Amino acid sequence: MKDEKKTSRSPELEGEEKREHGKNRDHGHDREKNREHGRDKSREHGWGRGFGRRHPGEVTGKYQLKDPKNFLEVQNLVVEYSSDKKIVQAVNGISFSLKKGETLGLVGETGAGKTTIAKAIMRILPDPPAKVKDGAVFVGGRDLMQMPEHKMLKIRGAEIAMIFQDPMTALNPLMSVGDQIMEVVQIHNHYTREEALEHTCKMLEMVGIPRSRSVEYPHQFSGGMKQRVVIAMALACNPELLLADEPTTALDVTIQAQVLDMIRDLRDRLNTSMVLITHDLGVVAETCDKVVIVYAGQAMESGARNDIFLNPQHPYTKGLFGSLPKMDDDSKRLSPIKGLPPDPTDLPRGCPFAPRCPKACEACSQDASIPEVEVEPGHFVKCLFAGKEDA
Amino acid sequence: MWRYILKRLFWLLVIILCVGVLIFSIMYFVPGDPVQILLSGESYTQEYYLEVKHSLGLDKGYFAQLGDYLYQTFIKFDFGTSYTSKVPVMQAIMERLPRTFLLGLFSILISAGIGIPLGVSAGLHRNGFQDQGLLIFAMIFISIPQFWLGLELMLLFSVKLHWLPTSGCATALAWIMPVICNSIGGIAMNARQSRAAVLETVRADFVTTARAKGVAEQKVIWKHMMPNALIPVINAVGNSFANMISGTVVIENLFAFPGIGQYVLNSMGSRDYPAIRACVLLLATFAAVVNLIVDLIYAHLDPRIKAQYIAYGARKKSRGGLAKS
């Protein structure tokens, strides 16, 4: 991790990207034309709107894989939701990377854009209203944003799988859990029905559910059991990349521990890379190799786990740690971060954290984006004060 | 499950019995003398009046008449003879019922067959032209009164164009306008309901799960989205069938369509008690049976509903077990 070279972005480069980004927004018109041309194609893939019709060509192939050793490399990802004339800037140029077998923690408050990032990687964002405006997602060297939909279908569920936040609603209430797991098995493998059924039962047993329950329906399972089913479904085709979107948020604490243990265990056994989305720093400390602190859809700080936990640089990261109770501290009160996350339809200029930042100065709210600074190898901080003085 | 069905059948009998008593009482206490109506237009003596009244059994007290009625209807299954036409009521109903039933069935099939696809396509293309168009038409269709639409149709197709007959049910052509009139509100209702149901499911988490599994879009729509969206809609359509049948009164009278609705209305006018009672009882039974069947189909399709029914039976069972031990 340490020797990984991520280019530190200079302000000029940022500016250039910004301009490119602006151009991309104008592509909307071209896109409408593309749609007209692509009518026949859309029939081929989907009758419904959005998913089949999406034209990956919208995001130009101007990005290159930076390090061939990276299994997952997300570069300058920009996602917007448009609703009633307002544009929600959910993800604003986030970049991170991950090697085979590593786990990366995406940490941030609710609404920071973490789930959107995961869904953008899988290309399952509902379009409209969501649109990937810019950026590239390299998985195993291929840019998923450039991939045609029919190839994407082969990747979803097989190479990349996702565990969803709320197990209560993530399962189809009208299908037995066995059928739901079997569906993904049959899509991605040339199994006979018996083989697929056997595989399904094995997956259920792996997550600790007796195979006899495969004929039961989601309403017959408890929340923790449902999450196990969701995990079994995600792991059914031995994915190389697992996107776990707050897999334990909807569960109570004891079940949380079990489910996390299970995910870790399965990850180690299958050598899966994992992106763990959470707002629980304790989980991150136990599970992750790398951490990206997300705020208003931007990476405020990223680096190896120990760099972040032992040497947090960004005021936001420090604020997050400040709001945790400490075992060795006698102080009666926690120090929360004051204020609320910014309105994503109207992000502040410059650093999005500036309005809440105790160290903010005028320069922070200037129009120019804040450059990312590499304070130590592999540890990036997006702050004007980074590495300049010790607070 | 069987326990549930038996329970429902038992309640069905209770309901029908109650409806019988209720309709008898209502007709008994409602002002209006069937004998007078029957004899109107001819001069009659007081003796003759009493004689007729006696022959119809209307000179007895309330409870005696009620007992008589319940005995004849529920024990001997004899629904009596019409006061006016002197034809057994059952015979008259059986002659008319198939027509009303078919009218209702066609209307339901058309309103579901057109309304649901329209709603689904609007839901899948939210804010598209299908959606905008549907919302406007649904509003118009829902607010048009049936009788007004019927009159306008008649004016256009019968009076001006001479394409369709104004009344009767003798030819297939005569059925067209009643069916259209009867189903237009249903089309709008079904379209709006299925649109709402689809919109709810489009964003459902399990649909995203299905996409994340690599299921192709067509299959996501037809295998995951549609069953979840449409089972409640189809359930509602089934339940509206009974309403549709009893709601044909307006249509049948408008188009002089010889069905149950027209029969009921005519019988009401002449206070033809046996005919009214038999019709109401029949429609109530019909509604209850259709409801039961629809519920059972719903349970068969949706495991959650089925679980409720089974749990319902199981709870009873366990309570019985406790009492024994």
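The residue count restarts for each chain, going from 1 along the sequence in the order it is written. The lettering of chains begins at A and the numbering of ligands begins at 1, in the order of writing. For a predicted model such as this one, the threshold for reporting local features is a pLDDT of at least 70, and the threshold for listing and counting side-chain atom pairs is 80 or more; totals across whole chains, interfaces and linings nevertheless cover every residue.

## Focus on the overall build of chain B
Our working definition: By the criteria applied, helices consist of DSSP H or I runs no shorter than four residues and strands consist of E runs no shorter than two, each listed in order from the N terminus. We take the radius of gyration over the C-alpha atoms and set the globule estimate at 2.2 Å times the residue count to the 0.38 power. Exposure criterion: with C-beta atoms placed from backbone coordinates, a residue whose C-beta has 20 or more other C-beta atoms within 10 Å is buried, one with 12 or fewer is exposed, and one in between is partly exposed.
Summing up its helical and strand segments, chain B has 14 helices and zero strands in all. Going from the N terminus to the C terminus, chain B shows its helices and strands as α-α-α-α-α-α-α-α-α-α-α-α-α-α. The C-alpha radius of gyration computed for chain B amounts to 25 Å, which surpasses the reference 20 Å derived for 325 residues by more than 25%, pointing to a less compact arrangement than a globule. Considering only C-alpha atoms, chain B reaches an extent of 85 × 80 × 30 Å along its principal axes. The 325 residues of chain B split such that 34% are buried.

## A look at unusual backbone geometry
Residue and element names in this part refer to chain B. Despite not being glycine, F77 has its phi angle at roughly 50°, a positive value. Examined against the element boundaries, F77 turns out to sit in the loop between α4 (62-75) and α5 (89-124). We classify F77 as exposed; it has 8 C-beta atoms within 10 Å. The phi dihedral of N127 is positive, around 70°, even though this residue is not glycine. Positionally, N127 belongs in the loop between α5 and α6 (129-143).

## Details of the nonpolar core
This is how it is decided: Put simply, a nonpolar core is a cluster of buried Ala, Val, Leu, Ile, Met, Phe, Trp, Tyr and Cys residues tied together by C-beta atoms within 7 Å. We call two residues in contact if the C-beta atoms placed from their backbones are at most 7 Å apart.
Counting residues in hydrophobic clusters, the biggest one holds 124 residues, and the most contacted among them are A:I121, A:A232, A:L243 and A:V275. For this core, the leading source of residues is helix α10 (residues 217-246) of chain B, giving eleven residues. Residues contacting A:V275, with those up to four places away along its chain left out, are A:L98, A:L104, A:L106, A:A118, A:L243 and A:A244. In terms of nonpolar packing, the next biggest core, distinct from the first, is built from 19 residues, B:A138, B:C169, B:M189 and B:F257 among them.

## Considerations on the sheet that holds strand β12 (residues 379-381) of chain A
To summarise the sheet geometry, strands pair through backbone hydrogen bonds and adopt either a parallel or an antiparallel arrangement. All names here are of chain A. Cut-off, in case you're wondering: The pairing criterion is simple: DSSP has to find at least two bridges between the two strands. Axes, fitted as lines to C-alpha atoms, cover a helix only where it is in contact. Angles between the N-to-C directions of the axes lie from 0 to 180 degrees.
On the basis of which strands lie adjacent, the open sheet formed by eight strands has the order β6-β7-β8-β3-β9-β10-β12-β11 and mixed pairing. In the strand order of this sheet, the two ends are held by β6 (160-163) and β11 (373-376), each with one partner. Strand-to-strand twist of the sheet, defined as the mean angle between neighbouring strand axes without regard to direction, takes the value 20°. For strand β7 (residues 241-245) and strand β8 (residues 273-278), the ladder comprises five bridges, and the chain directions are parallel. Looking at β8, one finds that L243 is bridged to V275. Here helix α3 (residues 114-122) sits on the sheet in contact with β3 (103-108), β6, β7, β8 and β9 (290-295), set at roughly 150° to β7.

## Considerations on the interface of chain A and chain B
The criterion, for reference: The nonpolar class holds Ala, Val, Leu, Ile, Met, Phe, Trp, Tyr, Cys and Pro. Asp, Glu, Lys and Arg form the charged class, and all remaining residues, Gly among them, are polar.
With 32 residues of chain A at the contact, the number on the chain B side is 25 residues. Looking at the side of chain A that touches chain B, the element that brings in the most residues is helix α5 (residues 177-188) of chain A, giving four residues. When its residues are assigned to classes, the side of chain A that touches chain B shows 18 nonpolar, nine polar and five charged.

## Regarding the packing of helix α1 (residues 2-29) of chain B against helix α13 (residues 273-301) of chain B
Residue and element names in this part refer to chain B. What counts, and what does not: Each angle gets one of four labels, with under 35 degrees taken as roughly parallel, over 145 as roughly antiparallel, 65 to 115 as roughly perpendicular, and the rest as oblique. Definitions for this section: a left-handed crossing has its near helix turned counterclockwise from the far helix by less than a right angle. A right-handed crossing has that turn clockwise.
With their axes 10 Å apart at the nearest point, α1 and α13 run at an angle of 155° to one another. One way to sum up the angle between α1 and α13 is to call them roughly antiparallel. You can see that α1 and α13 cross each other, and the crossing is right-handed. From α1, I5, R8, L12, I15, I16, V19, G20, I23, F24 and M27 reach across to α13, where they touch Y273, I276, R277, V280, L281, A284, T285, A288, L292 and L296. Tallied by class, residues from the contact of α1 with α13 come to 16 nonpolar, two polar and two charged.

## Describing the domain arrangement of chain B
All names here are of chain B. Applied cut-off: An automatic or database domain assignment supplies the residue ranges for each domain.
Each domain of chain B was delimited in the assignment, giving domain 1 (1-84 + 270-325) and domain 2 (93-266). If you average the C-alpha positions of domain 1 and of domain 2, the two centres end up 30 Å apart. Every contact between the two is made by 16 residues of domain 1 and, on the other side, 13 residues of domain 2. Classifying every residue of the side of domain 1 that touches domain 2 by side-chain character gives 13 nonpolar, two polar and one charged.

## Here's the deal with helix α11 (residues 315-322) of chain A
Burial in α11(A) covers these residues: A:P315, A:Y316, A:T317 and A:L320. Buried residues in α11(A) make contact with α9 (281-287), β9, β10 (298-304) and α10 (305-310) of chain A.

## Side note on the sheet that holds strand β5 (residues 142-143) of chain A
All names here are of chain A. Here four strands make up an open sheet; going across it, the order is β2-β1-β4-β5 and the pairing antiparallel. Both outer strands of the open sheet, β2 (86-99) and β5, are each paired with one neighbouring strand and no more. Bridge count for strand β1 (residues 70-83) against strand β4 (residues 130-139) is eight bridges, and the pairing is antiparallel. Bridging from a neighbouring strand, L72 pairs with V139 of β4.

## Remarks on the packing of helix α12 (residues 260-269) of chain B against α13(B)
All names here are of chain B. Put simply, α12 and α13 touch, their axes get as near as 8 Å, and they point 145° apart. Classified by chirality, the crossing of α13 by α12 is left-handed. The segment α12 lies against α13, with I260, Y263, V264, S267 and M268 engaging A275, I276 and C279.

## Some thoughts on the confidence of the model for chain A
What counts, and what does not: The predictor attaches a confidence to each residue, and that confidence, scored 0 to 100, is pLDDT.
Summary statistics for chain A give a mean pLDDT of 78 and a share of 82% for residues scoring 70 or more. When the criterion is pLDDT under 50, residues 1-57 of chain A qualifies, and its contacts beyond four places in sequence or with other chains add up to 69 contacts.

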